[in-house]
Structures are given as structure tokens and as C-alpha cells.
Amino acid sequence: MNDLDAPCVHVTLDGQPCSLRWLSETGAPPPKTVVLADDTISADRAYRLACEGTGLLWQGDYQNARQLLQALGRRMDKRMDKRPQRKPAPAVGAADGHADITQVFHLHRKAQAERARILSRVLIPLEADHGILLRRAPDVRLACTEAYGPAQGPAVVPLRELQGVVGAHEWRKKGVPVAALGGAHIHPHHGVFSPVRGEYLDLVAQAPVPAALDLAGPEAAAWDIGTGTGVLAAVLLRRGVPQVVATELAPRALACADDNLRRLGLRERVRLTACDLFPPADEGCSALIVCNPPWLPGKPSSAVEQAIYDPDHRMLRGFLNGVAARLLPGGEAWLILSDLAEHLGLRPPGQLQQWIEQAGLQVLGRLDTRPRHGKAQDRDDPLHAARSRELTSLWRLGARLNPT
């Protein structure tokens, strides 16, 4: 995108109309109407303007802008609590007349989207170097460069998104300890999903490596499809897999994987390949192909949500339908997937097994684990009924000898 195509925010500053580059990772359009706001604006007036779609370009104290954002969030929560709740119809086959969790899920996502839309009306001006001249503003230049690339002049960014950018920068600096790597850290980049759910990594660390990989010789390479941070490739290498071919479509994820594998001293044993799903034909076949696709069907609303939502199961079905032809004799495909989609009514029970069979695959074994993250035990979570039953599984799949 060149400067002429870049979306802009139009506002009057010091009596002069000007256009400022609009930054938004979500792809949301800039507000059509923007007014200046500072410490004198009341939270009630700011909330009314934000609900009308008006952007508030902040000119006051940065920390006061943060407090205003919190005040808007409280007003949104209060409004949501006062809304008349439509009682969902009971789910087909639901025990004890439990509400249709699928409708609850869609209403929850809709409420989250509305909340994000309104809270994103508080805007922060960035200088030509990504700096902020507001009082008590932090230095966000490096964080913004990591997220948006080199500065291209003055810009405007929603404060809510800027907080996420700064948070991602801190994650990248500190890293995430991974038990399956002996406590070594993985450093997620902005827009790349963090491996905070360690239970699926434990499954990869525990699953028996197929004998076909040893028979393939010391140059044998396992494949990690959609490597993301590179964490699964690292776990495989630490288990003694000689080499890994790691594929990834997103450029920032490729850069993230490269960074992490270098930090771990494993980069020389990995061939990072920019492609969609499987590596090119000259890589031949593999005795072990691993994939951890997004777990829920749906449209992602940001770069990081691409690791959570898979429109129409595109990646999941693409992996299943293509992997049998790329397995060496006796090889295995490891599919790491949660069954949360089934509990939310987003994928019919038995559908996954049907897709496995239709792809000419058979189930050689399965390892299951329960999620350990906080929401699995949070009874106030509107999706608790589904999360409390969730299983994360590693499906060991092999090609059927005589697929029908």
C-alpha cells in the first residue's frame, strides 16, 4: 500500500485541516468524524461521542487518556448488564435444558466486537518517529516499529490497540517459559500467537516418535505445518528429531520463528519455508508431519486471532486432505486440536473423524489432556459450560493402506 492508498484521519489542528495516517492492525476503517479531546472532557460526553462513532483525538495527559478508556469500559459493562437478555432456545440434545451454547458464543463475540469498536474511538497521535509528545507518555517507538514497521510520518492509533502493541512488546522482551523445552523461553512477536497453553506442547513432547523417522536416516526431517513462533519445531528438535522443515504463510510469524530458533541454538537444523500448508514438492515426503491449526471455525478480527479462528476449517481440512500423499510408508501425521468447537456447536460431533476417513487416513492413537488455563475454571465466563468439558488431543494419523 502506498501513501496515497493509506487510510487517514482528517482533523483540524491549530486551526489548520490536516490528514494523519491511520494505523490499525484489525483493518478497521478510521472514524469519519474526529474531534479534539483532553483532560477536561467528561467520561459521559466521551462515551456519547464514541457510541455515535466520533473519534476523540487526545491532546491531554496520556495517563488520563488511559483512565478515560477504563471509564468507557465500565459504562459499556453497565449498559450490557442492563440489556434485556434474550433467552436462547435449548440446544438439541442438551441435558437439563441448558441454553444453546452456540447462540451464547455468537452473542459473546458480537458483544466483544461492539466493545472493541467503541473503545477504539480514543485516539493517540504519533509523531513522525512513532513517539508520543503527550504528558506522561511512555516511549513506544520500538514497540510501534515492531508492530507497524518503520515510521512513515505522523499517524493516529487507537489507544486500546496501542496498549496491545506495548503489551506484545513486553511479551517479546520477556518471553514465555515452555515446560516442554525445559523452561526455555519462546519470544512471541506482535501478531503471532503466544504458546501460553502448554498442555498441547506437552502432548507433542510425550507422543511416541514413529519408527519410520529413524529408518529414514540422519538427514530425515519432520515437518511443522504453520510453525508460528517455531515452538513445535523446537520441541521436536529437543526430542532428538534430526531436522525440521517448518512452513508458515505470515511473514511476521516466519521472522518470529527465525528469532526463537536462533535464541535456542536450533536454527541450523530448521529449514523455514514461506508457503501455504505443505512445503514444495522438492522436499519429497516425511515420516512425521505435525500441525496445530486454529481450533475454531470463524473469521479472525486481528492478526493474532488467525491462530484461533479458521474460516470454514480451511487449514484443518487442507491439512487432512493433503497429508496422506506426503507421508512416507509407516509415517504419521500428528494433528493437535481442541474439541471446543464441538462443545460450542460449531462442528458436529463425529465430523472430524469423518473428515479423517474421507482423507484416506486412519487413527493410530490419540493422546488427550485437559486445559489448564484460567478460563477453564472461571464459572463467570459465559462459555464456561463448553470450556469445562474441553479436551485437547494429539491425533496420531496414518495413511490407510487401501483407502476407499
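Residues numbered from 1 in each chain as written. Predicted model: local features only at pLDDT ≥ 70, side-chain atom pairs only at ≥ 80, totals over all residues. Heavy atoms only, no water.

Caption draft 1: Quick look at the packing of aromatic side chains. Throughout the structure, instances matching the rule amount to 2 aromatic pairs. Summarising the aromatic geometry, the rings of Tyr200 and Trp295 are spaced 6.2 Å apart at their centres and angled 85° between planes, so their arrangement reads as edge-to-face. Separated by 95 residues along the polypeptide, Tyr200 in helix H6 (residues 199-206) and Trp295 in the loop between strand E12 (286-291) and helix H10 (314-323) bring together distant segments of the chain. Taking the relative accessible area as the measure of exposure, Trp295 reaches 13% and is therefore buried. Over the face of the ring belonging to Tyr309 we find Arg109, whose NZ or CZ atom lies 3.8 Å from the ring centre. We note Arg366 situated over the ring of Trp395; from NZ or CZ to the ring centre the distance is 4.7 Å. (Phe/Tyr/Trp six-rings, centres within 6.5 Å; stacked < 30°, edge-to-face > 60°. Helix = DSSP H or I, 4+ residues; strand = E, 2+ residues; numbered from the N terminus. Buried < 20%, exposed > 50% of the residue type's maximum accessible area, 1.4 Å probe, protein only. Lys NZ or Arg CZ within 6 Å of the ring centre and 35° of its normal.)

Caption draft 2: Geometry of helix H12 (residues 351-358). Restricting attention to buried positions, one finds in H12 the residues Gln351, Leu352, Trp355 and Ile356. Across the axial projection of H12, the buried residues extend over an arc of 140°, all falling on one side. Facing away from the buried side of H12 by more than 90 degrees, the exposed set consists of Glu357 and Gln358. The inward-facing, buried residues of H12 contact H10, strand E13 (327-338), helix H11 (340-343), strand E14 (361-369) and strand E15 (392-399). Looking one or two places after H12, you find Gly360, whose phi comes out positive at around 75°. (Arc of directions from axis to C-beta. Contact = heavy atoms within 4.5 Å.)

Caption draft 3: Spatial organisation of unusual backbone geometry. In the Ramachandran plot, Asp14 falls in the positive-phi region, its phi being about 55° despite a non-glycine side chain. Among the secondary structure elements, Asp14 is positioned in the loop between strand E1 (8-13) and strand E2 (16-22). With a relative accessible area of 81%, Asp14 lands in the exposed category. Even without a glycine there, the phi angle at Asp312 is positive, about 55°. With a relative accessible area of 71%, Asp312 lands in the exposed category.

Caption draft 4: Inspection of the sheet that holds E1 at higher detail. The strand order across the open sheet built from 6 strands is E1-E2-E6-E5-E4-E3, with neighbouring strands paired in mixed fashion. A single partner strand is all that each edge strand has here, and the edge strands are E1 and strand E3 (34-37). Between one strand axis and the next, the sheet turns through 40° on average, direction left out of account. Here E1 pairs with E2 via 6 bridges, running antiparallel. Note that in E2 the partner of Val11 across the bridge is Cys18. (Pairing = 2+ DSSP bridges. Axes fitted to C-alpha atoms, helices over the stretch in contact; angles between N-to-C directions.)

Caption draft 5: Region of interest: the pairing of E2. In sequence, E1 turns back onto E2 through a hairpin of 2 residues, with Asp14 there showing a positive phi of about 55°. With 2 bridges connecting them, E2 and strand E6 (residues 155-158) associate as parallel partners. Among the inter-strand pairings, Trp22 is bridged to a residue of E6, identified as Val156.

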